[in-house]
Amino acid sequence: MTTPRLSVTLITKNEAHNIEDCLRSVQGLADEIVVLDSGSSDGTVEIAQRLGAKVTVSTDWPGFGIQKGRALALATGDWVLSLDADERVSEGLAAEIRRVVGLSQLDTTGQGVAAGAGGGGATLAGYELSRLSSFCGQWMRHGDWYPDRVLRLVRRDRARFTEDLVHERLVVDGPVGRLAGDLLHHTMTSLADALDKMNRYTSGRALDRVRAGKRGSLAGALGHGLWAFLRSYLVKRGFLDGRLGFVLAVYIAEGTYYRYLKMALAPAAAAEQ
């Protein structure tokens, strides 16, 4: 039995509203789909299984980084594409992934194959993708959110996840290329959803930072928050996204402010968790 060329991995919990569109976007691209579920009660597991995914259910929640590392360990492909359930692979990105993964299979010398804009074939340990995200129903094409470069396509034996509670990252042993095409991110469909996510993620990120020995302050919260707004709205031209460009810049500034404030006000409590 041959080793799969490309595995797609996801972690899920109650993603029935997202999982089908996500998995259908990689059908015909992935040789293997691995889903690590955290006890969904809404049919996520059944939908994933119906669409051909290999589903494993875990009984604990160690945080995003460790959980995604577990999903990576379950994959068997030479290459792994790590996705979130609210992401979709566009047709253009799928063509790029198919091209570089196919080229790497042809290069048995380890010297690499020219891969156009994506870089060299087998010598690369991974590829960054450009993520295009929606905010309250609008695609955000400027500001902090685009192009949101994320390392997601990696050689399985040269990659690992950081163990952060939130905002985990893939890291690889070797050089990284970049692919054309967009990874479509259907996130924060309403302001209520955005505010809820801000609270959860700023708490998790503050805890990660405190555990790493960092501290916050009121002055730091104000300064970093102000700079986050100016960077997103003016420097990176978020104003070109219209009214929601302004709303998103304020949202990013608030998230930055509250993250630093949580680091300042409760470092001892955070360190004990």
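See above for the structure.
Residues numbered from 1 in each chain as written. Predicted model: local features only at pLDDT ≥ 70, side-chain atom pairs only at ≥ 80, totals over all residues. Heavy atoms only, no water.

Structural notes on the pattern of salt bridges
Where we set the bar: One speaks of a salt bridge when a side-chain nitrogen belonging to Lys or Arg is within 4 Å of a carboxyl oxygen belonging to Asp or Glu. Under the scheme used here, helices are H or I runs from DSSP no shorter than 4 residues and strands are E runs no shorter than 2 residues, and both carry numbers assigned from the N terminus. Only protein chains enter the accessibility calculation, which uses a 1.4 Å probe. A residue is then buried if its area is under 20% of the maximum for its type, exposed if over 50%, and partly exposed in between.
Scanning the entire structure with this criterion turns up 16 salt bridges. Glu32 is the salt-bridge partner of Lys54, the closest N and O atoms lying 2.8 Å from each other. Taken as a pair, Lys54 in strand E3 (residues 54-57) and Glu32 in strand E2 (residues 32-37) lie far apart in primary sequence, 22 residues in all. Among the salt bridges present, the one from Arg178 reaches Glu128, with a minimum N-O distance of 3.0 Å. Separated by 50 residues along the polypeptide, Arg178 in strand E11 (residues 176-186) and Glu128 in strand E6 (residues 126-135) bring together distant segments of the chain. By relative accessible area, Arg178 is classed as partly exposed at 39%. On the basis of relative accessibility, which here comes to 22%, the residue Glu128 falls in the partly exposed class. Connected through salt bridges with shared partners, the residues Lys68, Asp84, Glu87, Arg131, Asp148, Arg152 and Glu168 form a single ionic network.

Overview of the pairing of strand E4 (residues 79-82)
The condition that has to hold: Pairing between two strands is assigned when DSSP locates at least 2 bridges connecting them.
On E4, burial covers both faces: Trp79 and Leu81 on one face and Val80 and Ser82 on the other are all buried. Pairing geometry for strand E1 (residues 6-12) and E4, over 4 bridges, is parallel. Within the sheet, the bridge partner assigned to Val8 lies in E4 and is Leu81. In this sheet, strand E8 (residues 148-155) lies alongside E4 in antiparallel orientation, the contact comprising 3 bridges.

Points about the packing of aromatic side chains
Quick note on the threshold: Here is the rule: rings of Phe, Tyr and Trp (six-membered ring for Trp) pair when centre to centre is within 6.5 Å. Planes less than 30 degrees apart are stacked, more than 60 are edge-to-face, and the remainder are tilted.
According to the stated counting rule, one finds 10 aromatic pairs in the structure shown. Residues Phe135 and Trp145 carry aromatic rings whose centres are separated by 5.7 Å and whose planes lie at 90 degrees to one another, so their mutual orientation is edge-to-face. Taken as a pair, Phe135 in strand E6 and Trp145 in the loop between strand E7 (138-140) and E8 lie far apart in primary sequence, 10 residues in all. Across the pair, Trp145 and Phe135 agree in class, each one buried. Look at Tyr233 and Phe246: their rings are 5.6 Å apart centre to centre, the planes differ by 85 degrees, and that puts the pair in the edge-to-face class. Pair noted here: Tyr233 is in helix H6 (residues 218-235) and Phe246 is in helix H7 (residues 243-265), with a separation of 13 residues, a long-range link.

Digging into the nonpolar core
We count it as follows: In these notes, a set of buried Ala, Val, Leu, Ile, Met, Phe, Trp, Tyr and Cys residues joined through side-chain atoms within 4.5 Å is what counts as a nonpolar core.
Leu10, Ile33, Leu81, Leu83, Val89, Ile97 and Leu153 are the most contacted members of the largest nonpolar core, which totals 32 residues. The greatest single-element share of this core, amounting to 5 residues, is contributed by helix H4 (residues 91-106). Among the nonpolar cores identified, the runner-up in size contains 11 residues, and Phe135, Trp145, Met198 and Ile252 belong to it.

Looking at empty space enclosed by the protein
Defined as follows: Grid spacing is 1 Å over the protein atoms alone, the probe is 1.4 Å, and a cavity is where that probe fits but cannot get out, while a pocket is an open set with protein on both sides within 12 Å along at least five of seven lines and lining residues have an atom within 4 Å of a point. Grid points are joined across faces, edges and corners, and a volume is the space filled by probe spheres set on the points. As a working rule, the residues Ala, Val, Leu, Ile, Met, Phe, Trp, Tyr, Cys and Pro are called nonpolar, Asp, Glu, Lys and Arg charged, and the rest polar, with Gly in that last group.
Throughout the structure, instances matching the rule amount to 1 cavity of 30 Å³ or more. Approximately 30 Å³ is the volume found for the largest cavity. What lines the largest cavity is Met140, His142, Gly143, Ser232, Gly238, Asp241, Gly245, Leu248 and Ala249. Among the elements that take part in the lining of the largest cavity, H7 stands out by supplying 3 residues, more than any other. Grouping the amino acids of the lining of the largest cavity by side-chain chemistry returns 3 nonpolar, 5 polar and 1 charged.

Some thoughts on H6
Keep this limit in mind: To estimate the expected span of a helix, subtract one from its residue number and multiply by 1.5 Å. Arc definition: directions from the helix axis to the C-beta atoms. By the convention used here, residues are in contact when the closest approach between their heavy atoms is within 4.5 Å.
For H6, built from 18 residues, the straight-helix expectation of 26 Å at 1.5 Å per residue is met to within 8% by its first-to-last C-alpha distance of 24 Å. Of the positions making up H6, those classed as buried are Gly220, Ala221, Gly225, Ala228, Phe229 and Ser232. One face of H6 carries all of its buried residues, which in axial projection span an arc of 160 degrees. Set apart from the buried face of H6 by more than 90 degrees, the exposed residues are Ala219, Leu222, Leu226 and Val235. Its buried side turned inward, H6 meets H7. Just past H6, the residue Arg237 takes up positive phi, approximately 60 degrees.

Details of the environment of Trp145
Under the relative-accessibility criterion, Trp145 is labelled buried at 15%. Considered as a pair, Trp145 and Ser134 are 11 residues apart in the sequence and their alpha carbons are 9.2 Å apart. If we skip the residues at most four places from it in the chain, Trp145 touches Arg131, Ser133, Ser134, Phe135, Met140, Thr187, Met188, Leu248 and Ile252.

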